[in-house]
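# Working through the structure, step by step
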Amino acid sequence: NFLKDSTGFTEIQTRVAGLDLPNLRSLEYTYMRSFGPESTIHTTVNPSGHIYTTWRIPNLRKALFRKIIPIPFSHSITNLSLDLPDREQDDSELHYHLQGVHQFLKESPSIEVLRIRTPFEVDTGFDVTYPKLVMPNIQEVILRCAFEASEDPNIHPLTSFMQCLRLPKVSELYIQLEVYDK
């Protein structure tokens, strides 16, 4: 089972690294890996999980990343969808996921459509801040998040994240909220 054996990653890397895909316009990339007891939010993505960074994909315009936060790489993506990784231990992991999204967006001025989906219910909010980031070309934002209905005075981390973004061209905003009763 390559999901539990690091040699499986080496095998994948040697088979799909360094691809030259000059006509690729759309990519759907899902990262699936079982986590050992010693894994943490910071150690779960093996470097070969980011194999797409070794590819030449100059015409990539649409990308969907599932269960992985992409790291910056040379691209011309205009339509980015992110299904964030599942929770391993607690709600604060969403903060780390969003920090990774922030890093990727910082290196991605070509993005015009941004979709972010949080895969787990956040039980309580927590105060976090992110550095301000201007995204000059984003015109459409789609957000989907789940949280527990409560009188929690702290805001959802996705709200804090969105507050850090400066989006001068946004003309469409879609929000899907999944609210769960206690």
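The model shown is predicted, which means the values in this text are computed figures rather than measured ones.

This paragraph deals with the packing of helix α2 (residues 93-106) against helix α3 (residues 157-164). One can describe the packing of α2 onto α3 by two numbers: an axis separation of 10 Å at closest approach and a directional angle of 20°. Comparing their axes, α3 and α2 come out roughly parallel. Every pair of crossing elements has a handedness; the one defined by α2 and α3 is right-handed. For the pair α2 and α3, contact is made by Leu94, Leu98, Val101, His102 and Leu105 and by Pro157, Leu158, Phe161 and Cys164, respectively.

Even without a glycine there, the phi angle at Lys67 is positive, about 65°. By the element assignment, Lys67 lies in the loop between β2 (62-66) and β3 (79-83).

With 73% of its residues at a pLDDT of at least 70, the protein chain reaches an overall mean of 82. For the protein chain, the element scoring lowest by mean pLDDT is helix α1 (residues 6-16), at 61; strand β5 (residues 133-134) scores highest, at 98. Throughout residues 1-5 the model reports pLDDT below 50, and contacts reaching past four residues in sequence, or to other chains, amount to seven contacts. Under a pLDDT of 50 for its full length, residues 37-43 has, in the predicted model, 11 contacts with residues more than four places off or in other chains.

The rules we used
- Residues numbered from 1 in each chain as written.
- Predicted model: local features only at pLDDT ≥ 70, side-chain atom pairs only at ≥ 80, totals over all residues.
- Heavy atoms only, no water.
- Axes fitted to C-alpha atoms, helices over the stretch in contact; angles between N-to-C directions.
- Helix = DSSP H or I, 4+ residues; strand = E, 2+ residues; numbered from the N terminus.
- Parallel < 35°, antiparallel > 145°, perpendicular 65-115°, else oblique.
- Left-handed = near helix turned anticlockwise from the far one by under 90°.
- Contact = heavy atoms within 4.5 Å.
- pLDDT = per-residue confidence, 0-100.

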